[in-house]
Amino acid sequence: MTSVIERKTRGQVRFLRLPEVLARTGLSRSTIYVRLEQGRFPRPVSLGARAVGWIEAEVDDWIRERIVASRSDAQ
(Lines give C-alpha, C1' and ligand atoms only; values in the text may rest on other atoms or scores of the structure.)
Protein backbone atom coordinates (compact mmCIF):
# COMPACT_ATOMS: atom_id res chain seq x y z
CA MET A 1 0.00 0.00 0.00
CA THR A 2 1.42 3.37 -1.03
CA SER A 3 1.09 6.39 1.23
CA VAL A 4 -0.10 9.79 0.04
CA ILE A 5 3.40 11.16 0.52
CA GLU A 6 4.94 8.39 -1.59
CA ARG A 7 2.40 9.02 -4.36
CA LYS A 8 3.03 12.78 -4.30
CA THR A 9 6.80 12.44 -4.31
CA ARG A 10 7.18 9.25 -6.35
CA GLY A 11 9.23 7.79 -3.51
CA GLN A 12 11.66 10.71 -3.36
CA VAL A 13 11.09 12.90 -0.34
CA ARG A 14 13.04 16.12 0.08
CA PHE A 15 12.80 18.27 3.18
CA LEU A 16 12.93 22.04 3.01
CA ARG A 17 14.30 23.98 5.96
CA LEU A 18 12.69 27.26 6.99
CA PRO A 19 14.92 29.63 4.96
CA GLU A 20 14.01 27.80 1.74
CA VAL A 21 10.30 27.73 2.65
CA LEU A 22 10.45 31.49 3.26
CA ALA A 23 12.18 32.07 -0.08
CA ARG A 24 9.77 29.87 -2.04
CA THR A 25 6.58 31.26 -0.54
CA GLY A 26 7.52 34.89 -0.01
CA LEU A 27 5.95 34.70 3.45
CA SER A 28 7.54 35.76 6.70
CA ARG A 29 8.41 33.34 9.49
CA SER A 30 5.63 34.69 11.69
CA THR A 31 3.04 34.40 8.89
CA ILE A 32 3.99 30.79 8.29
CA TYR A 33 3.58 29.93 11.96
CA VAL A 34 0.25 31.79 12.21
CA ARG A 35 -1.03 29.88 9.18
CA LEU A 36 0.22 26.63 10.71
CA GLU A 37 -1.88 27.33 13.80
CA GLN A 38 -4.86 28.06 11.56
CA GLY A 39 -4.33 24.85 9.57
CA ARG A 40 -3.68 26.87 6.41
CA PHE A 41 -0.10 25.77 5.74
CA PRO A 42 1.55 22.32 5.53
CA ARG A 43 2.79 20.97 8.86
CA PRO A 44 6.53 20.49 9.28
CA VAL A 45 8.09 17.14 10.14
CA SER A 46 10.39 16.71 13.11
CA LEU A 47 13.92 15.99 11.93
CA GLY A 48 15.47 15.86 15.36
CA ALA A 49 15.34 17.40 18.80
CA ARG A 50 15.61 20.97 17.52
CA ALA A 51 15.02 20.73 13.77
CA VAL A 52 11.98 20.60 11.52
CA GLY A 53 11.57 20.46 7.78
CA TRP A 54 8.70 20.76 5.37
CA ILE A 55 8.03 18.13 2.71
CA GLU A 56 8.86 19.79 -0.60
CA ALA A 57 5.89 18.26 -2.44
CA GLU A 58 3.45 19.61 0.16
CA VAL A 59 4.90 23.12 -0.05
CA ASP A 60 4.78 22.94 -3.86
CA ASP A 61 1.12 21.84 -3.70
CA TRP A 62 0.32 24.73 -1.35
CA ILE A 63 1.96 27.19 -3.77
CA ARG A 64 -0.04 25.77 -6.71
CA GLU A 65 -3.26 26.03 -4.68
CA ARG A 66 -2.51 29.69 -3.91
CA ILE A 67 -1.97 30.38 -7.63
CA VAL A 68 -5.25 28.71 -8.59
CA ALA A 69 -7.15 30.54 -5.83
CA SER A 70 -5.61 33.85 -6.86
CA ARG A 71 -6.49 33.35 -10.51
CA SER A 72 -10.08 32.32 -9.75
CA ASP A 73 -10.56 35.30 -7.34
CA ALA A 74 -9.47 37.68 -10.09
CA GLN A 75 -12.25 36.57 -12.43
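Description of the structure in this document. Everything numeric in this text was worked out from a predicted model, so none of it was measured.

## Some details on helix α2 (residues 18-25)
Those residues of α2 that fall on the buried side of the exposure criterion are L18, V21 and T25. One side of α2 holds all its buried residues, which, seen down the axis, span an arc of 60°. The exposed set on the far side of α2, more than 90 degrees from its buried face, consists of P19 and A23.

## Section: the pairing of strand β3 (residues 51-55)
For β3, a buried count of 4 out of 5 residues is recorded, marking the element as mostly surrounded by other parts of the structure. Relative to β3, strand β1 (residues 15-16) is paired through 2 bridges, and the arrangement is antiparallel. Directly across from L16, in β3, lies its bridge partner W54.

## With respect to the sheet that holds strand β2 (residues 45-48)
What the 3 strands build is an open sheet, ordered β1-β3-β2; its pairing is antiparallel. Edge positions in the sheet fall to β1 and β2, since each has one partner strand and no second.

## A short note on the nonpolar core
Counting residues in hydrophobic clusters, the biggest one holds 10 residues: L16, L18, V21, L27, I32, L36, F41, W54, V59 and W62. Of all the secondary structure elements, the ones that give two or more residues to this core are α2, α3 (29-38) and α4 (56-74). Setting aside anything within four residues of it in sequence, one finds V59 in contact with L16, T25, P42 and W54.

## Thoughts on the packing of aromatic side chains
In the structure shown here, the tally under the stated rule is 2 aromatic pairs. Ring centres of Y33 and W54 lie 6.4 Å apart, and the angle between their planes is 65°; this geometry places the pair in the edge-to-face category. Placement of the pair is Y33 in helix α3 and W54 in strand β3, with a sequence separation of 21 residues. Y33 sits in the partly exposed class, given a relative accessible area of 30%. Since its relative accessible area comes to 0%, W54 is described here as buried. Here the aromatic rings of F41 and W62 are separated by 4.9 Å at their centres, their planes lie at 65°, and the arrangement is edge-to-face. Within this pair, whereas F41 is found in the loop between α3 and β2, its partner W62 is found in helix α4, the two being separated by 21 residues in sequence. Comparing F41 with W62, the two get one shared label, buried.

Basis of the calculations
- Residue indices follow the written sequence of each chain, beginning from 1 at its first position.
- pLDDT decides what is reported in this predicted model: residues at 70 or higher carry local features, side-chain atom pairs at 80 or more are listed and counted, and totals for whole chains, interfaces and linings draw on all residues regardless.
- The side-chain numbers reported here are obtained from all heavy atoms of the structure, hydrogens and water having been left aside.
- When a residue's accessible area, from a 1.4 Å probe over protein chains only, is under 20% of the maximum for its type it is buried; when over 50% it is exposed; and in between it is partly exposed.
- Numbering of helices and strands starts at the N terminus; helices are DSSP runs of H or I of at least 4 residues and strands are runs of E of at least 2.
- Comment: arc refers to directions from the helix axis out to C-beta atoms.
- Paired strands, in this sense, are two strands between which DSSP finds at least two bridges.
- To form a nonpolar core, buried Ala, Val, Leu, Ile, Met, Phe, Trp, Tyr and Cys residues must be joined to one another through side-chain atoms within 4.5 Å.
- Every residue pair with non-hydrogen atoms within 4.5 Å of one another is taken to be in contact.
- Here a Phe, Tyr or Trp ring, Trp counted by its six-membered ring, pairs with any other such ring whose centre lies within 6.5 Å, and the pair is stacked when the planes are under 30 degrees apart, edge-to-face when over 60, and tilted otherwise.

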